[in-house]
Amino acid sequence: MINREWHLLSRPVGLPGPENFALVETEAPQPRENQVLVRNTHLSVDPYMRGRMNAGRSYVDPYELGKPMEGGAVGEVVASNAEGIAVGDHVLHFGGWREYAAVDARHAVKVDPEAAPLSAYLGVLGMPGLTAYAGLLRVASFKEGDTVFVSGAAGAVGSQVGQLARLKGASRVIGSAGSDEKVRLLLEEYGFDAAFNYKNGPVSEQLRAAAPDGIDIYFDNVGGDHLEAAVGSLRQGGRIALCGMISVYNNTEPAPGPRNLVRLIQVRGRIEGFLVSDHYDLQPQFVREVGPWVRDGRLKYRETVVEGIENTLEAFLGLLRGDNIGKMIVKL
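Source: prediction; values computed, not measured. (Residues numbered from 1 in each chain as written. Predicted model: local features only at pLDDT ≥ 70, side-chain atom pairs only at ≥ 80, totals over all residues. Heavy atoms only, no water.)

1. Some remarks on the overall build of the protein chain
Moving on, step 1. Looking only at helices and strands, the protein chain features nine helices and 15 strands.
Moving on, step 2. Seen along its three principal axes, the alpha-carbon backbone of the protein chain occupies a region of about 60 × 45 × 35 Å.
Moving on, step 3. Relative to its full complement of 332 residues, the protein chain shows a buried share of 51%.
Moving on, step 4. Nonlocal contacts in the protein chain, meaning residues at least 24 apart in sequence, comprise 67% of its contacts between residues at least 6 apart.
Moving on, step 5. Surface accessibility of the protein chain: about 14700 Å² in total, with carbon and sulfur atoms responsible for 50%. (Helix = DSSP H or I, 4+ residues; strand = E, 2+ residues; numbered from the N terminus. Buried < 20%, exposed > 50% of the residue type's maximum accessible area, 1.4 Å probe, protein only. Contact = heavy atoms within 4.5 Å. Areas by Shrake-Rupley, 256 points an atom, 1.4 Å probe, with all protein chains shown as cover.)

2. Structural notes on the packing of aromatic side chains
Moving on, step 1. Per the counting criterion, the structure on display carries five aromatic pairs.
Moving on, step 2. With a centroid separation of 6.0 Å and 25° between ring planes, the pair formed by Phe 149 and Phe 196 is classed as stacked. With Phe 149 in strand S8 (residues 147-150) and Phe 196 in strand S10 (residues 194-197), this pair connects stretches of sequence that are 47 residues apart.
Moving on, step 3. Of the residues examined, Phe 149 reaches a relative accessible area of 0% and is grouped as buried.
Moving on, step 4. The class of Phe 196 is buried, set by a relative accessible area of 5%.
Moving on, step 5. Each ring, one from Phe 149 and one from Tyr 218, has its centre 5.0 Å from the other, and the planes form 20°; the classification is stacked. Residue Phe 149 is found in strand S8, and its partner Tyr 218 is found in strand S11 (residues 215-220); the two are separated by 69 residues along the sequence.
Moving on, step 6. One aromatic cluster is present, built from ring pairs that chain together Phe 149, Phe 196 and Tyr 218. (Phe/Tyr/Trp six-rings, centres within 6.5 Å; stacked < 30°, edge-to-face > 60°.)

3. A few points about helix H9 (residues 312-321)
Moving on, step 1. Where burial is concerned, most of H9 is hidden: eight out of the 10 residues are buried.
Moving on, step 2. Residues of H9 that are buried: Thr 312, Leu 313, Ala 315, Phe 316, Leu 317, Gly 318, Leu 319 and Leu 320.
Moving on, step 3. Considering only its buried residues, H9 is in contact with strand S1 (2-8), strand S2 (21-27), strand S3 (35-44), helix H1 (48-52), strand S14 (303-307) and strand S15 (327-331).
Moving on, step 4. Residue Gly 322 follows H9 closely and has a positive phi angle near 85°.

4. Digging into the pattern of salt bridges
Moving on, step 1. Within the structure shown, the criterion is met by 18 salt bridges.
Moving on, step 2. Put simply, Glu 64 and Lys 67 hold a salt bridge, and the shortest N to O gap is 3.3 Å.
Moving on, step 3. Across the pair Asp 89 and Lys 110 runs a salt bridge, and its minimum N-O distance is 3.9 Å. Placement of the pair is Asp 89 in the loop between strand S4 (73-80) and strand S5 (90-93) and Lys 110 in strand S7 (residues 109-111), with a sequence separation of 21 residues.
Moving on, step 4. According to the relative accessible area criterion, Asp 89 is partly exposed, its value standing at 22%.
Moving on, step 5. Linked through salt bridges whose partners overlap, the residues forming this network are Arg 4, Glu 99 and Glu 310. (Salt bridge = Lys/Arg side-chain N within 4 Å of Asp/Glu carboxyl O.)

5. Focus on the packing of helix H5 (residues 203-210) against helix H6 (residues 225-233)
Moving on, step 1. Across the interface, H5 lies against H6 with an axial gap of 9 Å and an inter-helix angle of 40°. Relative to H6, H5 is oriented oblique. The hand of the H5/H6 crossing is right-handed. Only Asp 225, His 226, Ala 229, Ala 230 and Ser 233 of H6 make contact with H5, whose side of the interface consists of Val 203, Ser 204, Leu 207 and Arg 208.
Moving on, step 2. Broken down by class, the residue content of the contact of H5 with H6 amounts to four nonpolar, three polar and two charged. (Axes fitted to C-alpha atoms, helices over the stretch in contact; angles between N-to-C directions. Parallel < 35°, antiparallel > 145°, perpendicular 65-115°, else oblique. Left-handed = near helix turned anticlockwise from the far one by under 90°. Nonpolar A, V, L, I, M, F, W, Y, C, P; charged D, E, K, R; others polar.)

As C-alpha cells, this is what we get:
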C-alpha cells in the first residue's frame, strides 16, 4: 500500500512556508510485535507543533529533518500484532501527518465511534479538552464566583475554558478573539458574558471595559499584549495559567515581556506555566465529568475541517493565521 506522509525539509525562520515541507510517498509500514497498523481517518494540527520545527529542544524533541512529523490522530486498525486491539478497532495515537501509521499498542488508546464522533477525540474529548480542564481547575485553582478572562477564546482550548468556567459557576466569563464573527460565537453560542475583537483596539482598554472590577483568572493562549493587559486587571490573589503564546511563535527576535509585573507583588498574584502531559492523571475524571456535558449539549464545540492529506500543511498554516473556529481537523 502507498502511504503519503509529511516531512520537514528545513527549519522555518519566522512564519513557516511550503518550502519547508514535502509530502512524500512511501510504502505503508508493517506492524512489528506488539504494534498495530492504523489507517488514519482524522489528523490534528496544533500550535505547539510550530515549536517542534525549531532545532532547540524544549519540553519535547524537535521534529527530525527528512522524516515524518508527528501529531495526534485517530484511525481504524487494519492489521494487529498486539493483544487487546483487533482489526476494526478505532484508536487514538500520535502517528499523525500521514495516512498509515505503525503504532506501539501501549501508545494506542481505543476509542468508541458510537459514543462520539472520531474527530471529537482530537478536540473536545481529547488533548485540547484536557488542557482546558487541567489548566482552569488545577493550575488556575478556579473557584465558584471567579471572574475569568480567556484569550484565543474561539479556539479548541479557549472555547472550552470559558464554557467550563461558566458551568462551574464563574461570576463572569470574558473572551478575546480575532474577528467579529468569533466574538458573536462566544456570546451567542458559548455563553460568554462579554467578548471583544482584539483587533478593534488596545486589549487593556477593551478588557477594562469588559471587566471593570478586574479578573481573578486569566487563561493565556496568546501572550504579548494580552498577558500585559491581564496582569493590569488582576484582582487580589489573581491567578494566570500560561498555556500557550501563539502571538510569539513565529518571532525571530525575543518578544518583550509584560512591563507591569510589579503588579503581581501588589495583588499577590501568581503566574504558572503548564503542560497537559503533567496532568494526564486527570483524564478519567475529565471524561466522566465533561463527557455527559458534551453529549447533552451543555458544552458546545466547533471544528474547522480540512479535507485530504495533501491539505494538512495548509490547515496548519491556517491555524497559525487564526483561520479556524474551534479545533482544526484534517479529515482523510
